[in-house]
Each structure stands twice: as C-alpha cells, then as structure tokens.
Amino acid sequence: MGSTREQYGQPLPQGYLSAFDAICPDSNIELIVACEDDCPVGIAQLTVTPHLTYQGGWRATIEGVRIHRSARGRGIGSELIRWVTRRAKERGCHMVQLTTDRQRVDALRFYERLGFHATHVGLKLHI
C-alpha cells in the first residue's frame, strides 16, 4: 500500500528530510530502528501524547511500522512492537494505540496476536 504514497528514489524528496528534522528535537517522538548485523531491517515511530482523559494520562501511538521483506516472518516485527510497547510503558503511558488499514488483514492478525484489540473505529479526513 505504501508504494503508491511513498517515494524511495535518490535523493529522497525534501519532505522526508524536513519531517526528520522536525522529529529529532521533539522529545515526545522516537524513531526506533531494528537492526540485524548492523543493517536496518525495521522501523517504527513512537509518539507519546498527554490527554485530559484517563485523569490526564499519557498514551502512545505507534506509527510507520515497516519491516524489510527479507526480515519478515522471523519474529523481528513482533520484537519491535514489544520493544516499542515496553518503551511506552517506561515513558509513563497507560495505553498504546495504532491503526492499520482494514484491507491489511495479515497486519491486523499480526497486531491481534500481540494483544491489540480492535475496540474503536478510526476515521480519517485528508486535507
């Protein structure tokens, strides 16, 4: 699905670099990279956000999870999500949430195997 909205050419489009420059100094956003033999094989973005609900509790959002094709099916994605979840707990979050496109049935099963539950309906409006 990402192949239609992402651009992987070299040099990378400026938008990626600008986003990275904005993310780096923000202490509420972390980019987590999974490596195998010093080679990146996966990534996830963790964003922690304060909320007025849950008595002013913090929650974590996991986004941008990607595992390289060569690394799929070997538990790297599971370990990455478990690591990010532990990190969210260390940061004081009471909840971890994520979204996946409903067409990605395998991804939905993957997250459910890790203990996530589809409890809400998510809506988007592209502007």
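See above for the structure.
The structure contained in this document is the topic of the report that follows. (Residues numbered from 1 in each chain as written. Predicted model: local features only at pLDDT ≥ 70, side-chain atom pairs only at ≥ 80, totals over all residues. Heavy atoms only, no water.)

### Observations concerning the overall build of the protein chain
Step number 1: On a plain count of helices and strands, the protein chain comes out with 4 helices and 4 strands.
Step number 2: Here the protein chain has a C-alpha radius of gyration of 15 Å; the compact-globule value for 127 residues is 14 Å, and the two agree.
Step number 3: With the C-alpha coordinates aligned to their principal axes, the bounding extent of the protein chain is approximately 45 × 35 × 30 Å.
Step number 4: Counting across all 127 residues of the protein chain, residues that qualify as buried make up 25%. (Helix = DSSP H or I, 4+ residues; strand = E, 2+ residues; numbered from the N terminus. Rg over C-alpha atoms; globule rule 2.2 N^0.38 Å. Buried < 20%, exposed > 50% of the residue type's maximum accessible area, 1.4 Å probe, protein only.)

### Some points on the pattern of salt bridges
Step number 1: Enumeration according to the criterion identifies 8 salt bridges in this entry.
Step number 2: Salt-bridge contacts for glutamate 6 lead to arginine 5; the nearest nitrogen and oxygen are separated by 3.8 Å.
Step number 3: The shortest N-O distance in the salt bridge between glutamate 30 and arginine 87 comes to 3.0 Å. One end of the pair, glutamate 30, is in strand S1 (residues 29-36); the other, arginine 87, is in helix H3 (residues 76-90), with 57 residues separating them in the sequence.
Step number 4: Ionic contacts of the salt-bridge type, sharing partners, join the residues Glu30, Arg87, Glu90 and Arg91 into one network. (Salt bridge = Lys/Arg side-chain N within 4 Å of Asp/Glu carboxyl O.)

### Re a positive patch on the surface
Step number 1: On the surface, a cluster of positive charge is made up of Arg66, Arg69, Arg72 and Arg104.
Step number 2: Note on placement: arginine 104 falls in the loop between strand S4 (93-98) and helix H4 (105-113).
Step number 3: A relative accessible area of 40% means that arginine 104 is categorised as partly exposed. (Patch = residues over 30% accessible without salt bridge, like charges linked within 9 Å, V, L, I, M, F, W, Y side chains within 5 Å. Areas by Shrake-Rupley, 256 points an atom, 1.4 Å probe, with all protein chains shown as cover. Lys, Arg positive; Asp, Glu negative; His and termini not counted. Charge placed at Lys NZ, Arg CZ, Asp CG, Glu CD.)

### Section: a nonpolar patch on the surface
Step number 1: On the surface, a cluster of nonpolar side chains totalling about 320 Å² of accessible area is made up of Phe20, Leu31, Val33 and Ile43.
Step number 2: Structurally, phenylalanine 20 can be placed in helix H1 (residues 14-23).
Step number 3: Take phenylalanine 20: its relative accessible area is 46%, and that puts it in the partly exposed class.

### Overview of the environment of threonine 99
Step number 1: Secondary-structure assignment places threonine 99 in the loop between S4 and H4.
Step number 2: Among the residues examined, threonine 99 registers a relative accessible area of 64% and is labelled exposed.
Step number 3: With 19 residues separating them in the primary sequence, threonine 99 and alanine 118 have C-alpha atoms 9.1 Å apart.

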